[in-house]
Structure formats: structure tokens, C-alpha cells
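So you can see what is in the structure, the chains are spelled out below.
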Amino acid sequence: MRTETQVLKSKIEEVKNIPTLPGVVSKITSMIHDPHVSTEKLGGIISKDQVLSAKVLKLVNSPFYGFPGRISSVSHALVLLGFNVIKGMLISASVFDMMSRAMVGLWEHSLGCATVAGIIGRKLNETDSEEVFIAGLLHDIGKVMIKVTLLEDFEAVLQAAKEEGAYMREVEERIVGVNHAGIARWVAAKWNLPANIAEPMTCHHDPTRAKDYARRAAMVHLADLLIQAVGFGDSGSPFVPPLHPRTLPLLGVDLDFIETVLLELEENMDSLSEFSLEV
Ligand SMILES: [Fe+2]
Ligand SMILES: [Fe+2]
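Now for a description of the structure that goes with this document. (Residues numbered from 1 in each chain as written. Chains lettered and ligands numbered in written order. Predicted model: local features only at pLDDT ≥ 70, side-chain atom pairs only at ≥ 80, totals over all residues.)

### A few points about the overall build of the protein
Selection rule: Put simply, DSSP H or I for four residues or longer makes a helix, DSSP E for two residues or longer makes a strand, and each gets a number counted from the N terminus. C-alpha atoms define the radius of gyration, and 2.2 Å times the number of residues to the power 0.38 defines the globule rule. Working definition of burial: number of other C-beta atoms within 10 Å of the residue's own, with buried at 20 or more, exposed at 12 or fewer, and partly exposed in between, all C-beta atoms being placed from the backbone. Distance between backbone-placed C-beta atoms decides contact: two residues are in contact if it is within 7 Å.
For the protein, the count of helices and strands is 16 helices and 0 strands. Its C-alpha atoms give the protein a radius of gyration of 18 Å, near enough to 19 Å, the size a compact globule of 279 residues would have. Taken along its principal axes, the extent of the C-alpha atoms in the protein is 55 × 45 × 35 Å. A buried classification covers 44% of the 279 residues belonging to the protein. Sequence separation of at least 24 residues holds for 65% of the intrachain contacts in the protein that already meet a minimum separation of 6.

### Some remarks on helix 7 (residues 104–123)
Our working definition: To estimate how far a helix should extend, the number of its residues minus one is multiplied by 1.5 Å.
The end-to-end C-alpha distance of helix 7 is 28 Å, a good match for the 28 Å that 20 residues give at a rise of 1.5 Å each. The buried count for helix 7 comes to 15 of 20 residues, which makes it a mostly enclosed element. Following helix 7 by one or two positions, N125 has its phi on the positive side, about 55 degrees.

### Describing the nonpolar core
Worth spelling out the cut-off: Residues of type Ala, Val, Leu, Ile, Met, Phe, Trp, Tyr and Cys that are buried and joined through C-beta atoms within 7 Å form what is called a nonpolar core.
If you look at the biggest cluster of nonpolar residues, it comprises 82 residues, and the most contacted ones within it are V56, V116, A117, M219 and A223. Per element, the largest residue contribution to this core is 10 residues, and it comes from helix 14 (residues 214–229). What A223 contacts, discounting residues up to four positions off in sequence, is C113, V116, A117, I120 and G136.

### Looking at the environment of A229
Residue placement: A229 occurs in helix 14. On the basis of neighbour count, A229 is assigned to the partly exposed category, with 14 C-beta atoms found within 10 Å. In this structure the C-alpha to C-alpha distance between A229 and F239, which are 10 residues apart in sequence, comes to 8.7 Å.

### Some words on unusual backbone geometry
The phi angle at N125 is positive, at roughly 55 degrees, despite the residue not being glycine. A positive phi angle is found at D128, which is not glycine, with a value near 55 degrees. On the neighbour-count criterion, D128 (16 C-beta atoms within 10 Å) is partly exposed.

Quick look at the structure:
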């Protein structure tokens, strides 16, 4: 008979076995370290995967993404938004694609969180607020990993969280041995996401745990709560978690700020609900 600790240990090993990135994404990721590679060349490689690049262009040109003007090609997007943003989009497009049908609620929650994070970033004049959007898009990727590797446990987590009215992360720790933020840290490391995206994504429950990007983590944290509060998408959590007390001081704002964010979100609600990654 295996002890409970052994069972948890083997589950952790299983979840830790993060899948490799889809072909085109891992190819460009390895190429990016070569200083001689041009944006055109990278853009050309991504464009060869027509479905994936169409999804990326659809996302960057969506009204809720908030990028002014039309971006017509992947190379153009690379120049304007930078490699890490495009990589984050490619990752989200491929990851959510494999689970979109099964996890529509989580996809909507992630897209909504990304949108709100982007709104907050722009309102606070964060440089490269597109990266904050990406962190929002990927913040709950640990939940996807649990679902993909340990389906029964994923269902058990949802059920237990609901029945006990408990935090998903606490139930995950009990049932899987690690919570989705911890898994996100492994994902970010394995897929080489830069710290300015990885930290806000992995510290979305507690921005004070971020080493260098606490302000961005506070943006994703607030966005995660607000999108649950307005009831868009389904994070799997039975209730809206409380706001971390350091959030508003970290952002340097007061409660009125939240109201202006919600007003702008309201304007984007229709385009958000209508958006689908299908091309
Ligand atoms: Fe979370
Ligand atoms: Fe979330």
C-alpha cells in the first residue's frame, strides 16, 4: 500500500512533466537566442503555421486587447509588441485550443482576466502593458495542466472546492500536492517565459511574493478578482477571493480606480463575450 505522501509525490511528478511547446513555438523560442535572427525571419516561420498565426492576429486585433490600429501580419506584430508578447499569445492559443471545448469557462475567465489586466496596465501607464495582458491570459495555466494530466483529480478539486466553499488552491494542495500557481512556476520555467511575465502570472494570489514585478502581479491579482466579481467566465472557484491588502497600495490607487476599470470593462463586455479563437 502506498502512503498518502507517496501518492501525492507521484502525482506531483506527473504534473511536473510539463508538455513541450507546440512545434512552431519551441522552434522560434530556440531561435530567439541567436542574435542574427531577424524579426522578418521569425515572423515568416510563425506565419507558416497559418492557423496559429491567424489566431494571434485575431487576438491582437480584438477590440478588448486595446491595441490601437490594425496589425496585419505576424512580423508587424512582432515589431510592435515584442517577441515575448507574441510567444505568450502563441502559447495561449495552442494551450487553450487543446482544451477550449472542454474548458470554455476557464478560457473566458483567462481572457477576461487578461483584458482587465491590460486595462489596469494602460490606465496606470505601465510600460508594455501588453505583457501584463499575457500574464493575465496565462495566470491559471496550472489548472489546465492539472486537468490535462490528472483529469479525475481536477474534477475532485472542483467538487470539493464547491462543497467546502474552499479556495481552489488549498484543495489542490490537498488532492494534487501542489496548487495551480506552483505549477505555473514550473510551466514558466520550462517554457522560458521572462520574469516580467512569469512573476505576475505565478504570484497572482499574493503580489507581495513577487521579487521584481510586484506591481504587475498586483495588476493580475486585481484583474483576476474583478473578472470573477462581474461573473464573466468560470475560474472554478465557488466564490470571489478577497483582495490582498497590499494590492491598492502597490498600484498606488484607491477604490475609485476600481470603478473606472469596471466602467471600461463594461464597454468591452460585448466584444469579450463574442470572441472565439476559432479561425
Ligand atoms: Fe488562481
Ligand atoms: Fe483566475
